[in-house]
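Per-entry structural report
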Amino acid sequence: MITRREYLKRSSLAACGLALARTLPAEPGNSHIEGRDSLKARAHNRGLLAGCAVNAANLREDAFTKVLAAQYNLVVAENAMKFGPLRPTPDTFNFADADALVAFAQHHKMKIRGHNFVWHEQLPAWFAGTATKENAKKILTDHIHTVAGRYKGKIHSWDVVNEAINISDGRPDSLRKSSWLELIGPEYLELAYRTARQADPKAKLTYNEYGIEDQSESDSAKRAATLALLKRLKAANVPLDALGIQSHIKAGALQTFGNGLRELIAGAQSLGLEVYFTELDVNDDAIPDSAPAARDRIVADVYHDYLAIAFESTATKAVLTWGLTDAHTWLNGIKSHREKLPNRPQRPLPFDADYKPTPAFFAMRDAFDKAPHR
Ligand code: G3I
């Protein structure tokens, strides 16, 4: 765990563009990274899965698919399996991109995460004018039956409900005031999970959330609300198998990780849940301007220290980064980045824009090597 004193020391060093020389092998002598030196091999040695999010369009790029197949044994569609991209109209489904990812993964014997059935974002344009209190339950169950049914038996785990907690909405149950809540009520969660279990009994049904990782007051409050939701669902015998901790975290910001994350993992485990780190990336915007190599080292330190905590518990079964290469990261598209650092592309992932392994790659691999067996 990074102490606050250590963190401030690193931040001050980062401020003058120096990254602490760490014992961490940023680019160890053995820079061979394939076969038994790949992320997936090192993860497998510890009973873990190593994955990343995939944009189907990139499956047409040889450089991308070469690294994807060599390094990962788990994939998730960044967008292709979401309600909006799948549903151009109320009566049609567009499965082309999702099918392409499933086919690629099956060909390369990779496991597949499904993401996601129920979310307040990326609903199709027709949804607002079509969904009513009378038909919303049927829209939801028809969607899940069709999509989960299409990939029945092929999916390792589904993010059935994504980001249902929003404390600032002020509800006693901390649920987000989403369209699904307004139209169906809190029981939308139970309906979604029971429908998903019926449609694909083999898939591990996951609740996926962000902003629950660090030691801040806001993350601590959201962590407590998330665990309370999971407890309510389990107490109602809702079929729920795993917690997804998204892990969109930051370098160079005063974000520290420690017992809060440990307690979250332990809380999930006490409910009989597995834990997946589902969308890991390390935003480097808060690192003061410095050479890419210096920023890469600070990002790698965050990967190393965060994953060391994540892997302490044998409840943790998988980690996926939200993308494979910096060239495709969603982080370059977010408003704060575009406004603040439009000419400083983010470097949040294990492979840079030229598909070269970054220090974060070696930090991740080192964290796998140090993880207890599960
Ligand atoms: O495909 C359309 C394209 O046809 C159109 O021309 C273009 C311009 O409008 O938009 C394209 O869709 C974009 C889509 O990504 C595919 O690139 C959407 O506008 C854009 O909003 C969407 O962003 C995705 C975002 O979720 C949606 O909220 C990001 O790629 C994706 O990385 C991000 O992922 C989420 C997870 O699902 C849940 N956790 C948070 C994470 C980051 O926000």
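Residues numbered from 1 in each chain as written. Predicted model: local features only at pLDDT ≥ 70, side-chain atom pairs only at ≥ 80, totals over all residues. Heavy atoms only, no water.

Here the focus is the nonpolar core. Counting residues in each nonpolar core, the largest one holds 107 residues, and the members touching the most others are Leu68, Trp158, Val161, Tyr207, Ile245, Tyr303 and Leu307. Judged by nonpolar contacts, the second largest core, of nine residues, contains Leu74, Ala318, Leu320 and Trp322. (Core = buried A, V, L, I, M, F, W, Y, C linked by side-chain atoms within 4.5 Å. Buried < 20%, exposed > 50% of the residue type's maximum accessible area, 1.4 Å probe, protein only.)

Before going further, it helps to spend a moment on the site of the ligand. Taken together, 14 residues are adjacent to the ligand, and Glu78, Lys82, His115, Glu121 and Glu279 come closest. The side chain of Glu78 places a nitrogen or oxygen atom 2.5 Å from an oxygen atom of the ligand. Take Lys82: an N or O atom from its side chain is 2.6 Å from an oxygen atom of the ligand. Coverage of the ligand by the protein amounts to 47% of the 790 Å² it exposes when considered alone. Here the residues of the shell around the ligand are counted per class, giving three nonpolar, six polar and five charged. (Near = heavy atom within 4 Å. Polar contact = N/O pair within 3.5 Å; in protein donor to acceptor, adjacent residues only side chain to side chain. Areas by Shrake-Rupley, 256 points an atom, 1.4 Å probe, with all protein chains shown as cover. Nonpolar A, V, L, I, M, F, W, Y, C, P; charged D, E, K, R; others polar.)

Positionally, Asp214 belongs in the loop between β5 (204-209) and α10 (217-235). Salt bridges are absent for the buried Asp214, whose nearest opposite-charge side chain, Arg223, sits at 5.5 Å. Polar contacts involving the side chain of Asp214 include one to the side chain of Ser216, which spans 2.5 Å. At a separation of 3.0 Å, a polar atom in the side chain of Asp214 contacts the side chain of Gln255. Setting aside its immediate chain neighbours within four residues, Asp214 contacts Asp219, Ser220, Arg223, Gln255, Thr256 and Phe257. (Helix = DSSP H or I, 4+ residues; strand = E, 2+ residues; numbered from the N terminus. Lys, Arg positive; Asp, Glu negative; His and termini not counted. Salt bridge = Lys/Arg side-chain N within 4 Å of Asp/Glu carboxyl O. Contact = heavy atoms within 4.5 Å.)

With that settled, consider the confidence of the model for the protein chain. In this model, the protein chain carries an average pLDDT of 93, and 92% of its residues clear a pLDDT of 70 or more. When the criterion is pLDDT under 50, residues 10-26 qualifies, and its contacts beyond four places in sequence or with other chains add up to 35 contacts. (pLDDT = per-residue confidence, 0-100.)

Attention now goes to the pattern of salt bridges. When the charged atoms of two side chains with opposite charge come close together, those side chains can pair. The full count for this structure, using the stated rule, is 17 salt bridges. Asp369 is the salt-bridge partner of Arg42, the closest N and O atoms lying 2.6 Å from each other. Within this pair, whereas Arg42 is found in helix α2 (residues 39-45), its partner Asp369 is found in helix α14 (residues 359-370), the two being separated by 327 residues in sequence. You can call Arg42 buried: its relative accessible area is 13%. Ionic pairing is found between Arg171 and Asp173, a salt bridge with its closest N-O pair at 2.6 Å. Assessed through its relative accessible area of 17%, Asp173 is described here as buried. Members of the salt-bridge network, linked through shared partners, are Asp37, Arg42 and Asp369.

Attention now goes to the pairing of strand β6 (residues 242-245). Burial along β6 is two-sided: the residues Ala242 and Gly244 and Leu243 and Ile245 are all buried. Here β5 runs beside β6; their pairing, made up of four bridges, is parallel. Within β6, the residue paired with Tyr207 across the bridge is Leu243. Taken together, β5, α10 and β6 constitute a β-α-β crossover, and its handedness is right-handed. By the bridge criterion, four bridges tie β6 to strand β8 (residues 274-283) in an arrangement that is parallel. Counted as the bridge partner of Ala242 is Glu274 from β8. (Pairing = 2+ DSSP bridges. Right-handed = clockwise from strand over helix to strand, strands pointing away.)

We now examine α10. With 19 residues, α10 extends 27 Å between its outermost C-alpha atoms, agreeing within 8% with the 27 Å of an ideal straight helix rising 1.5 Å per residue. Those residues of α10 lying buried are Asp219, Lys222, Arg223, Ala225, Thr226, Leu227, Leu229, Leu230 and Leu233. Tucked into the core, α10 has its buried residues touching α9 (188-199), β5, β6 and α11 (259-270). (Expected span 1.5 Å × (residues − 1).)

Bringing helix α5 (residues 96-107) into the picture now. The terminal C-alpha atoms of α5 lie 16 Å apart, and with twelve residues this matches the ideal 16 Å at 1.5 Å per residue to within 8%. Within α5 the residues assigned to the buried category are Ala98, Leu101, Val102, Phe104 and Ala105. Looking straight down α5, one finds its buried side chains confined to an arc of 165°; they lie on one side. Within α5, the exposed residues directed more than 90 degrees away from the buried face are Ala96 and His107. Next to the buried residues of α5 lie β1 (49-54), α3 (62-71), β2 (74-77), α4 (83-86) and β3 (111-118). Of the residues flanking the end of α5, it is Lys109, one or two places downstream, whose phi is positive at about 50°. (Arc of directions from axis to C-beta.)

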